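Report on the structure
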Amino acid sequence: MVNSKNQEKSGFSDVRRAARLSIAPMMDWTTSDCRYLHRLLSREALLYTEMVTAPALVRGGALHLLDFNTAEHPVALQLGGSDPDELAEAARLGEQAGYDEINLNCGCPSDRVQSGAFGAVLMQTPELVADCVAAMQAAVKAEVTVKCRIGVDEQEPEEVLPDFLDKIRAAGCQRVTIHARKAWLKGLSPKENRDIPPLDYDLVHRMKAAFPDLHISINGGIATLAEAKAHLDRGLDGVMVGRSAYHQPAGVLCAADPEIFGTGSVSDPAEAVMLMLPYIEERLGDGAKLNQITRHMLGLFAGRPGARQWRRMLSEGACRAGAGPELVEQALAQVADRAAA
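Basis of the calculations
Residues numbered from 1 in each chain as written. Predicted model: local features only at pLDDT ≥ 70, side-chain atom pairs only at ≥ 80, totals over all residues. Heavy atoms only, no water. Salt bridge = Lys/Arg side-chain N within 4 Å of Asp/Glu carboxyl O. Helix = DSSP H or I, 4+ residues; strand = E, 2+ residues; numbered from the N terminus. Buried < 20%, exposed > 50% of the residue type's maximum accessible area, 1.4 Å probe, protein only. Axes fitted to C-alpha atoms, helices over the stretch in contact; angles between N-to-C directions. Parallel < 35°, antiparallel > 145°, perpendicular 65-115°, else oblique. Left-handed = near helix turned anticlockwise from the far one by under 90°. Contact = heavy atoms within 4.5 Å. Polar contact = N/O pair within 3.5 Å; in protein donor to acceptor, adjacent residues only side chain to side chain. Pairing = 2+ DSSP bridges. Right-handed = clockwise from strand over helix to strand, strands pointing away. Phe/Tyr/Trp six-rings, centres within 6.5 Å; stacked < 30°, edge-to-face > 60°. Core = buried A, V, L, I, M, F, W, Y, C linked by side-chain atoms within 4.5 Å.

Considering the pattern of salt bridges
Two side chains that carry opposite charge are able to pair once their charged atoms sit near each other. Applying the stated criterion across every chain yields a total of 15 salt bridges. A salt bridge links Glu44 to Arg17; the nearest nitrogen and oxygen atoms lie 2.7 Å apart. Linking Glu44 in the loop between helix 3 (32-41) and strand 2 (46-53) with Arg17 in helix 2 (residues 14-18), this pair joins segments that are 27 residues apart in sequence. Its relative accessible area of 17% is what places Glu44 among the buried residues. Residues Glu259 and Lys229 are paired through a salt bridge, measuring 3.9 Å at the closest nitrogen-oxygen approach. Placement of Glu259 in helix 14 (residues 256-261) and of Lys229 in helix 11 (residues 225-233) is noted, with a sequence separation of 30 residues between them.

Pasting the structure below:
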């Protein structure tokens with residue numbers, strides 16, 4: 001949880017320090033099983049949940065969506081919603097569950113999210129976002145943050161983004177992650193919205209210059225630690241990596257602690273696999289299926305000898321009845337044998 005003494009000394013909480021490198025919230029991907037693996041690769045990076053909607057928690061009583069392993073800290077809960085009172089209650093539930101940060105989604109462009117009047121559509125109503133932030137801030141001690149786009153549809157980012165940041169800052173938000181693309185709410189699918197709108201990294205850097213008191217992280221299209229370090233060196237406070245960290249987690253996370261945070265040493269993905277085995281055993285005992293866990297591990301050895309055999313063994317075998325940790329060990333042996341050869 002947030003350490004107030006550290007916050008007083010440095011101006012940043014422990015969570016903000018972790019936000020130098022964070023892993024983006026990604027629906028169906030950044031589950032608790034995925035985050036547990038990522039934490040084995042980096043002790044420092046900030047991890048985010050999938051988006052959880054406030055109505056599901058408050059009206060639906062789906063509190064199981066807040067379950068996570070304490071080993072995941074520091075970990076942030078991302079909420080979707082547009083009703084200030086409902087978001088405040090959802091934030092309160094998230095804090096009670098033990099999350100270190102509560103994040104408001106103002107960037108997801110999916111039709112389902114738009115129909116609920118939240119996500120990227122909120123870029124059109126910064127006053128409402130400010131009301132939501134203020135209500136959430138009043139409800140919890142954990143830091144309330146926002147993840148947004150640079151604009152939506154025909155908006156002019158140079159005009160709307162400064163106004164958006166100014167309003168949420170006035171409401172008490174001190175940390176924001178900006179996906180450096182517009183979202184097109186009509187005409188592009190969520191997948192296309194991750195690739196087609198052009199990136200404008202320079203705009204995000206200009207926002208840091210215009211709002212030096214805001215902790216600003218950049219997101220969108222960043223695939224390597226070298227790219228992340230370049231943005232940090234230019235003066236941004238943090239970098240959020242998405243799909244690359246999921247598809248090639250070792251490439252992003254294994255060297256993150258020494259290179260981004262100046263702590264520890266480069267981690268070994270093979271050691272992480274061995275540490276996953278007792279976790280897998282426990283999860284299977286709770287009724288999980290092996291492929292629920294190993295689907296997040298498929299890209300662990302991307303670019304290394306034996307990666308194809310690793311992926312094939314897990315893809316084909318993990319869904320079979322009775323599959324367990326021994327399959328993972330057998331797949332890891334393929335990686336070790338190929339590396340030795």
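Regarding the packing of helix 7 (residues 126-139) against helix 8 (residues 157-170)
It is the contact of helix 7 with helix 8, at a shortest axis distance of 8 Å, that shows an interaxial angle of 25 degrees. With respect to helix 8, the axis of helix 7 lies roughly parallel. Where helix 7 crosses over helix 8, the handedness of that crossing is right-handed. The segment helix 7 lies against helix 8, with Pro126, Glu127, Val129, Ala130 and Val133 engaging Asp163, Phe164, Lys167 and Ile168.

Details of the side chain of Asn219
Looking at where Asn219 falls in the secondary structure, it is placed in strand 7 (residues 215-219). Take Asn219: its relative accessible area is 6%, and that puts it in the buried class. A distance of 3.4 Å separates polar atoms of two side chains, one belonging to Asn219 and the other to His179. Discounting chain neighbours no more than four positions away, the residues touching Asn219 are Ala24, Lys147, Thr177, Ile178, His179, Ala180, Met240 and Gly242.

Some remarks on the pairing of strand 8 (residues 238-241)
When a strand is regular, its side chains alternate between the sheet's two faces. Neither face of strand 8 is left uncovered, since the one carrying Gly238 and Met240 and the one carrying Val239 and Val241 both have all their residues buried. Note that strand 1 (residues 21-23) and strand 8 share 3 bridges and pair parallel. Across the sheet, Ser22 pairs through a bridge with Met240, a residue of strand 8. Note: strand 7 against strand 8, 3 bridges, orientation parallel. From the neighbouring strand, Ile218 faces strand 8, where its bridge partner is Val239. Taken together, strand 7, helix 11 and strand 8 form a β-α-β motif whose crossover is right-handed.

Description of the packing of aromatic side chains
Overall, the coordinates contain 4 aromatic pairs when judged by the stated rule. Geometrically, the ring pair formed by Tyr36 and Tyr279 is stacked, given 3.9 Å between the ring centres and 15 degrees between the ring planes. Here the residue Tyr36 occupies a position in helix 3, and Tyr279 occupies one in helix 15 (residues 269-285), the gap between them amounting to 243 residues. Judged by its relative accessible area of 6%, Tyr279 is buried.

Digging into the environment of Leu327
Positionally, Leu327 belongs in helix 18 (residues 325-340). A relative accessible area of 12% means that Leu327 is categorised as buried. Once the C-alpha coordinates of Leu327 and Leu277 are considered, the two residues, 50 residues apart in sequence, prove to be 10 Å apart. If we ignore the near neighbours within four places in the chain, the residues touching Leu327 are Leu290, Met313, Leu314, Gly317 and Ala318.

Some remarks on unusual backbone geometry
Here the residue pair His73 and Pro74 is connected by a cis peptide bond, since its omega of -5 degrees sits within 30 degrees of zero. As for its position among the elements, Pro74 is in the loop between helix 4 (54-58) and strand 3 (75-80). Although it is not a glycine, Asp28 sits at a positive phi angle of roughly 70 degrees. In this fold, Asp28 is placed in the loop between strand 1 and helix 3. The phi dihedral of Asp153 falls on the positive side, at around 50 degrees, and the residue is not glycine. Residue position: Asp153 is located in the loop between strand 5 (143-149) and helix 8.

A closer look at the side chain of Arg149
Here Arg149 shows up in strand 5. Take Arg149: its relative accessible area is 3%, and that puts it in the buried class. There is a polar contact of 3.2 Å between the side chain of Arg149 and the backbone oxygen of Gly107.

Comments concerning the nonpolar core
Generally speaking, a soluble globular protein has its nonpolar side chains buried in company with each other. By size, the foremost hydrophobic cluster in this structure holds 112 residues, and its most contacted members are Leu21, Val146, Leu165 and Trp310. Among the elements that take part in this core, helix 7 stands out by supplying 7 residues, more than any other. Discounting residues that sit within four places of it in the chain, Val146 has contacts with Asn103, Leu104, Cys106, Val133, Phe164, Ile168, Cys173, Arg175, Val176 and Thr177.

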